[in-house]
Every structure is written in C-alpha cells, then in structure tokens.
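Listed here are the chains, written in short residue letters.
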Amino acid sequence: MAASASYNLLSTPSLKKQISSSSLSWRLPLSSTFRVSIAAPRPKRAATFIVLAMDAKPTVLVAEKLGQAGLELLKGFANVDCSYNLSQEELCTKISLCDALIVRSGTKVTREVFESSGGRLKVVGRAGVGIDNVDLSAATEHGCLVVNAPTANTVAAAEHGIALIAAMSRNIAQADASVKAGKWQRNKYVGVSLVGKTLAVMGFGKVGSEVARRAKGLGMHVIAHDPYAPADRARAIGVELVSFDQAISTADFISLHMPLTPATSKILNDESFAKMKKGVRIVNVARGGVIDEEALVRALDAGVVAQAALDVFTEEPPPKDSKLVLHENVTVTPHLGASTVEAQEGVAIEIAEAVVGALKGELAATAVNAPMVPAEVLSELAPFVILAEKLGRLAVQLVAGGSGVKSVKVTYASSRAPDDLDTRLIRAMITKGLIEPISSVFVNLVNADFTAKQRGLRITEERILLDGSPENPLEFIQVKIANVESKFASAISDSGEITVEGRVKDGIPHLTKVGSFDVDVSLEGSIILCRQVDQPGMIGRVGSVLGGENVNVSFMSVGRIAPRTHAVMAIGVDEEPNKEALKKIGDIPAIEEFVFLKL
Ligand SMILES: NC(=O)c1ccc[n+]([C@@H]2O[C@H](COP(=O)([O-])OP(=O)(O)OC[C@H]3O[C@@H](n4cnc5c(N)ncnc54)[C@H](O)[C@@H]3O)[C@@H](O)[C@H]2O)c1
Ligand SMILES: O=C(O)[C@H](O)COP(=O)(O)O
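Along each chain, residues carry numbers from 1 onward, in the same order as the chain's sequence is written. Numbering of ligands from 1 and lettering of chains from A proceed in the order in which they are written. Given that the model is predicted, a residue must reach a pLDDT of at least 70 before its local features are reported, and side-chain atom pairs must reach 80 or more before they are shown or counted; all residues, however, enter totals for whole chains, interfaces and linings.

1. A short note on the overall build of the chain
Then, number 1: The helix and strand inventory of the chain stands at 19 helices and 25 strands.
Then, number 2: Put simply, 68% of the contacts in the chain that link residues at least 6 apart link residues at least 24 apart. Under the scheme used here, helices are H or I runs from DSSP no shorter than 4 residues and strands are E runs no shorter than 2 residues, and both carry numbers assigned from the N terminus. Two residues qualify as being in contact provided that their C-beta atoms, derived from the backbone, are within 7 Å of each other.

Shown next, in the form of structure tokens:
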C-alpha cells in the first residue's frame, strides 16, 4: 500500500526536479497544495511517484494590463482572469478564488488583500521593479511569495529619465503647449545646455547606472550617491561615488533612482533643498515619495530649484489641483518610465515566467521575500529537504504535551565549507516540521523564520566540518529540542535534549539516531519507537502483533548501548496501527515504553 504525504509547492521547490531526475513519472501539480503518493520502497527503492492534482488549474488574477506574450504564457498553465481597475473591495472579494495575483504599480496589495485570500493566494507577481505597493510583511506572514520583474524595464526607465532631462532643459513640453495655443515665444523658452553640467545620480543601481552611462554620452559630468553601490562599478563607467551632501550641493541636475523605503522617504526635503545650488534641476523617475512634494513647490517658488521633471508622484494620479503638477516650471508624465512596447513585453514575460515557476514549486530567481536558492543547489538539496521536515516532525512529536518548544538546535555535519552550504532551505523545512504537527499554521520557505519568531521558537544552527569528500552537501542533520520532557524518555540524549538525527542513503531519508541510540530506519510511512529489555525474540513478538492487525512493516532496526541491557527498536509501518494493536505492543512484558509517530 502506498504511503501519502502532503507537500506545499512553495515548501518543496525542487520536488519536480527530484522526481524527474530519478526518471519517475510526473504529472504537473495544478493546485497550490498537492498530494504525492510514494510507493513504499520494498524491497528496494520503488520507481513510481504519482502526483495527484487536487484542483483543475490554478487561477491567476491579472489586475493591470500585461503584455500579450506574458498572458499567453500564463494561459498555458493557469486560468487567467484579467480584471482591471478593481476597487479594493472587489480585489478582496476576488482574491479568495486566486492562487496568484499580477499587478503593476497601480494596485495596492494591502494586508487586507492577503487576509481576504483565506490562505489561497500563494504568489504575488509585480510586473516591474518597485514593490512599494505590496505589503511585504503581510505577504510573508501569510506565506505568500512575492516576485518581481526587475530587469526588463531598466532601459526604458533610464531612457525616460534622459528624455525628461533633455525635455526639461529645453522647455519642450511648455513650448509645445505654447505653439499649440497659437503662440510663438522664442525668447521665453531659451533653455540650458547639458554639456559640461554636473549630474548627480541618486541611487546607482540598474536604472541609475544606465542613466549615468547615457548622460556621459551627452557630455555631462556624472557623480553618484549610493551608500550600497560598489565603487569599482561606478569607476568602470567613469562615475565618482560621493556623499549625499556632496552630490546635492554640487549638482546642476539631480536625478533620483533609489527605491522608496523608510530611509529614502522624503529624502529631498526643505533641508536638502537648502543645500542645493541655486537653479538646480530635479528629475524623478523613481518614486514620488522620495521627494517632499510641498517642499519642492516651495523650492521652485523660491527659485532654488529652477525646474523639475517628474514621472512619479506620492499619490497617483496626483490631485487635479496639485500645485506641483500645475507649476509652470514643472514637466510631468503619468508614470510612463516603464511604458515602452519593448519593456512591457519583456516585463510581461519576465513576470509570467516567475509566477508560473513559483506556482510549480520552483523558487523564482526574483523572489523578493524569500531566499533565492539557485536551481542546482535546490536539486542536490532535495532529499535533505525531505529529511529536514521529517526530523522536525519526529522531534516535535516526541515532546510530552506537544507544546512548549522554545529552543531548537540544529547541527549540520558536512565536509563542505560553510560558504558552500546554504542551509536556509533546510532550516525552513525543519521549522515546518516542528510547527505544523502542533498547530494549524501553514509553514513554507517564505514564512518559516517569521512563524518561528512569532511563536517564540528559537532555532540555533551549528556546523560540524567533517574531513572527506565534499561531494555530498550533508552527512547528517541533527535536531535537538532543549528544556522539554519527552513522551519517549529514550529520545532524551545524554546532554538532556530530545535528539533525532538523520542521513540520506541512496536518495532516501533515514532516521539514524534517537536519543543516544543508533537506529537505521527509512523515513517513509510512520514509525513506532519501542524501548525494550534487550533479549531474544523481541522483533518477532512486535512483528507478529503488527502482522496480526494487518499492519505492514517496511523496516525494522534495533539500536542498543550494550548487549542485553536496553535497546530501542525503530519500526517503519505503512499503515497506522489501531489502538488495539498499540495496546498489545505496550502489553509485551519486555517493552518499557513505546511511541507511534506520524511522518
Ligand atoms: N518610473 C518608472 O516607470 C520606473 C521604472 C523602473 C524603475 N523605477 C523605479 O526606479 C527605482 C530604481 O530602480 P532600479 O531598477 O534601478 O533599482 P535597483 O535596486 O537596481 O537600484 C536602486 C539603487 O538605489 C540604491 N539605494 C538604496 N537606498 C539608497 C539611498 N538611501 N540613497 C541612495 N541610493 C540608495 C540601492 O543601493 C540601489 O543601488 C525604483 O524606485 C524603481 O521602482 C521606476
Ligand atoms: O517600478 C517599476 O517597475 C516602475 O515604476 C513601473 O511601474 P509600472 O509597471 O506601473 O509602469
């Protein structure tokens, strides 16, 4: 009979790879949660994995206009609901029927949206760079992965920045409006030249560095401020990185290219405008919120800022009577930085691939709120991921009362140097194993650390560096729970903690230690642990009780400290024994204690 285990897609990102690399049959999971049936590996590893889809297809809500190529890609995998201009209320209603949501900057994905999803929403795809319209903390708390499309619109945004610099310095928009109004004001619209002027690029990331490159081509002297950018990257394109004050006080043009964060909110304000050269020109294609807009109006009125060119606003669209928008020295566009045909097609494909990949359980390279684990690392860690979750499950079920777990120590024994072993995925899966059996919380890679912290569960990690070939990522994983009592006293090791240890053998996770007892049982099906007086015939007696109740034994292993004292027997079973069978095992005179553990 087959044993079953439920996996969440985001929790088992490499399952598909693991399955296909073993030449096993695979049918694409089409729901956010699916069931994997694993034929028990008797007498040797079986080669049949059947993935049973629980729903027909996942549903993706596309809440803002997306390029056709991206839509086609999504439609090949999911039901796609394109509903634009939804009110917050409509979005909250629809979201409970959706597995993924795709937005641009115009949709606020608030905590309320995640709460309304009732746990179904697994991925939010931001078809663009800025994720300031997505409540990342709420997404993480709800175990929802957020992915973005960070590269496809970079050039478009940089070109728009350059277009605004050029348009502003030559009064293109104002002159155009004037001519169309029947005027011919050649003296009024005398501009300023760019060549030889100093441009301060604030935020030297993808867009900022492309703006810098293009501005140098226009003969501008370019400096940049970015506390996190490597100086050699700036030097490579002939840009000097300077302090914030130096940048704003020496620039003729200031172009903003940083994300909107608590640290950058209103970073240009009365105080910073006061430090600028009189007649400075400001360009913003980043986010409206990085400028204190009222302070900018004051600086424009005072002539400190000669002109501003803005693509983005604190409130979008800005109020119709916005003094800033209506200011005669301000050129505006309606958040068009990413709006080129080419960029929108690119962004649509980039986000559709990321969302489909995430729904399939692969970890997107553009995950914003989860560790990014490269595909090759994922594939080699796959069996350890399963081992980790099962060790967590076993350990927590050994705790008396099943609660009060506050301190867990995980030891990774490996021949690999710490830098070559990324354990975040393993830690997340141990956390999942520790928390899910004793709560209704759903844990995945996205919310594992958050959930552990929220429950006051402290997980410390230790590495043991082994001699030997670093071919295997890990030799063994040990999970210890401190300061608790165990319902199976033999699980407490000499150091006083519940201890379980496991290894991967031939691709299959094995339990190899319980407390101070060495055992060796494959972690499939469920497990009965018995401590007994070590004497002949024990295996037969327990085996015949189980056989009599039609419970199939898949593995048995006995670990003892010394002959004829005490031993721990680990028995893998395919079915859950009924109460009667468990009672009969407990009644065998030499059995001192036993526990049934579900994997
Ligand atoms: N108008 C548009 O349509 C449009 C299009 C694309 C991007 N954007 C926006 O442009 C901005 C930049 O995008 P990107 O793709 O270049 O992002 P990026 O992450 O590649 O670059 C942002 C840079 O800002 C730097 N930074 C962070 N805090 C800073 C601070 N306090 N001071 C100075 N620099 C700081 C970072 O170190 C990073 O190098 C984002 O706000 C994005 O949302 C707008
Ligand atoms: O952050 C971004 O990618 C840009 O601001 C583009 O936003 P949009 O997708 O709403 O045009």
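2. Remarks on the site of ligand 2
Then, number 1: Neighbouring residues of ligand 2: Arg104, Ser105, Gly106, Ala127, Gly128, Val129, Gly130, Asn153, His335, Gly337, Ala338 and Ser339.
Then, number 2: Residue polarity is assigned by list, with Asp, Glu, Lys and Arg as charged and Ala, Val, Leu, Ile, Met, Phe, Trp, Tyr, Cys and Pro as nonpolar; anything else, Gly included, falls into the polar class. A class-by-class count of the residues in the shell around ligand 2 yields three nonpolar, eight polar and one charged. Whether a residue is near a molecule or strand depends on its C-beta atom, placed from the backbone, lying within 6 Å of it.

3. Some points on the pairing of strand β12 (residues 253-256)
Then, number 1: Burial along β12 is two-sided: the face carrying Phe253 and Ser255 and the face carrying Ile254 and Leu256 are both buried.
Then, number 2: Any two strands are treated as partners once DSSP identifies two or more bridges connecting them. As paired strands, β12 and strand β13 (residues 280-284) are joined by four bridges and run parallel to one another. Paired with serine 255 across the strands is valine 283, a residue of β13.
Then, number 3: The handedness rule is simple: strands pointing away from the viewer, and a clockwise path from the first strand over the helix to the second, make the crossover right-handed. Regarding topology, helix α11 (residues 270-275) serves as the crossover connection from β12 to the parallel β13, and that connection is right-handed. Think of it as a crowd count around each C-beta: if 20 or more other C-beta atoms lie within 10 Å the residue is buried, if 12 or fewer it is exposed, and in between it is partly exposed, with C-beta placed from the backbone throughout.

4. Some details on the pairing of strand β20 (residues 508-514)
Then, number 1: With six of seven residues buried, β20 is to be regarded as a mostly interior element.
Then, number 2: With six bridges joining them, strand β19 (residues 498-505) and β20 adopt antiparallel strand pairing. The residue of β20 that forms the bridge with valine 504 is proline 509.
Then, number 3: Here β20 pairs with strand β21 (residues 517-522) via four bridges, running antiparallel. Paired with histidine 510 across the strands is serine 522, a residue of β21.
Then, number 4: Between the end of β20 and the start of β21, which pair antiparallel, lie two residues, with glycine 515 showing a positive phi angle near 55 degrees.

5. Description of the site of ligand 1
Then, number 1: Close to ligand 1 lie 32 residues, the nearest being Gly130, Ala157, Gly203, Gly205 and Gly337.
Then, number 2: Every element with two or more residues in the shell around ligand 1 is listed here: α6 (154-169) and α8 (206-217).
Then, number 3: By residue number, the principal contributor to the shell around ligand 1 is α8, which donates three residues.
Then, number 4: Classifying every residue of the shell around ligand 1 by side-chain character gives 17 nonpolar, eleven polar and four charged.

6. Quick word on the environment of aspartate 422
Then, number 1: Looking at the secondary structure, you find aspartate 422 in the loop between β16 (407-414) and α16 (424-435).
Then, number 2: Residue classification places aspartate 422 among the partly exposed positions, given that 17 C-beta atoms sit within 10 Å.
Then, number 3: Placed 52 residues apart in sequence, aspartate 422 and leucine 474 show a C-alpha to C-alpha distance of 11 Å.

In short, the description is geometric, and any link to function would need to be established separately.
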